[in-house]
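Here's the letter readout for the chains.
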Amino acid sequence: MEIRIYYEDTDCGGVVYYANYLKYFERARTQYLEERGLSVAELRDGGTQFMVVHAELDYRSPARYGDTLTIDTNLAAVGQASLTFAHVMRERTSGRVVVEGSAKLVTVDDNLKVKRLDKPTLAALQGPPETRS
C-alpha cells in the first residue's frame, strides 16, 4: 500500500514523527486482511479481535513531508492464536528503505481472553490476495 506524507505526519523539522510508523503499519495490516476477504469489523462482531503484544521498528532513513511511501506487509509467522506481520516501508521513487518492523498480534474474544483462530480465518490469512475484476 502507499502512504503520502502530509505536514500533520511530521515533527517541527519536517521529518515523519517516529510513532506514526506504527499507525502506518496498522493500516497495512488492515489492508492485508481486507485483500484476503477478512473484515476487522466483521471479525470483531463475530467475537474475534486482534491485540498487538509486541512491536519492533528499525529506523533506516528519514521520511519527510511530501514523500510517498510504500509498505510491503507479509505474514511472517502464524500460531494457533497469534500472527506476526513483517513490514518494510520504502520511499516510492528511490526505493530507499525507511523503516523495517514487525508486530505480533494475539487473537482474543470479547472478554480479552486468548482465542484460537478458526480454520477458515487461518486459511484466508495464509492465502493469496483476492483478485478483483
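Refer to the structure presented above.
Sequence order as written defines residue numbering, which begins from 1 separately in each chain. Note on the predicted model: pLDDT of at least 70 is required for a residue's local features to be given, and 80 or more for side-chain atom pairs to be given and counted; whole-chain, interface and lining totals, by contrast, use all residues. The side-chain figures draw on all heavy atoms in the structure; neither hydrogens nor water molecules are used.

Peer 1: I keep staring at the packing of aromatic side chains and nothing clicks. Help me out?
Peer 2: Each aromatic ring pair is summarised here by two numbers: the centre-to-centre distance and the angle between the ring planes. Planes of paired rings set the category: under 30 degrees apart is stacked, over 60 is edge-to-face and the rest tilted, where pairs are Phe, Tyr or Trp rings (Trp by its six-membered ring) whose centres lie within 6.5 Å. Counted according to the given criterion, the structure contains five aromatic pairs. When the centroid spacing of 4.8 Å and the interplanar angle of 50 degrees are considered together, the rings of Y17 and Y18 count as tilted. Judged by its relative accessible area of 40%, Y17 falls in the partly exposed class. On the numbers, 5.9 Å between centres and 90 degrees between planes, the contact of Y21 with Y24 is edge-to-face. Taken together, the residues Y21 and Y24, both in helix α1 (residues 20-35) and three residues apart, mark about one turn of the helix. You'll find Y21 and Y24 in the same group, each marked buried. Sitting over a ring, as applied to charges here, requires NZ of Lys or CZ of Arg to be within 6 Å of the ring centre and within 35 degrees of the ring normal. One residue, R36, lies across the ring of Y32, its end atom 3.5 Å from the ring centre. When accessible area is computed with a 1.4 Å probe and restricted to protein chains, residues below 20% of their type maximum are described as buried, those above 50% as exposed, and intermediate ones as partly exposed. Labels follow the DSSP assignment, with helices taken as runs of H or I lasting at least four residues and strands as runs of E lasting at least two, numbered in each case from the N terminus.

Peer 1: Can you walk me through the sheet that holds strand β2 (residues 49-59) in this structure?
Peer 2: Adjacent strands of a sheet pair through backbone hydrogen bonds, lying either parallel or antiparallel. When DSSP finds two or more bridges between two strands, those strands count as paired. Strand order in the open sheet formed by five strands is β1-β3-β4-β5-β2, with antiparallel pairing between adjacent strands. Each edge of the open sheet carries a strand with a single partner, namely β1 (2-4) and β2. Adjacent strand axes in the sheet meet at a mean angle of 25 degrees, parallel and antiparallel pairs treated alike. Pairing of strand β4 (residues 82-91) with strand β5 (residues 97-108), which is carried by nine bridges, proceeds in the antiparallel orientation. Paired with H87 across the two strands is G101, which belongs to β5. Convention adopted: a line fitted to C-alpha atoms gives each axis, helices being fitted over their contacting stretch, and angles between N-to-C directions are expressed from 0 to 180 degrees.

Peer 1: Sorry, what's going on with the nonpolar core here?
Peer 2: One broad trend across soluble globular proteins is that nonpolar side chains are buried collectively. For this analysis, a nonpolar core means a set of buried residues of the types Ala, Val, Leu, Ile, Met, Phe, Trp, Tyr and Cys, connected via side-chain atoms within 4.5 Å. Residues Y21, Y24, L69, I71, M89 and V99 are the most contacted members of the largest nonpolar core, which totals 14 residues. Counting only elements with at least two residues in this core, the list comes to α1, β3 (68-78) and β5. In terms of residue count, α1 provides more of this core than any other element does, four residues in total. Any two residues whose heavy atoms approach within 4.5 Å are treated as being in contact. Setting aside its immediate chain neighbours within four residues, Y24 contacts I3, I5, D9, V16, I71 and M89. If you look at the next biggest cluster of nonpolar residues, it comprises 13 residues, including Y32, L83, L117 and L122.

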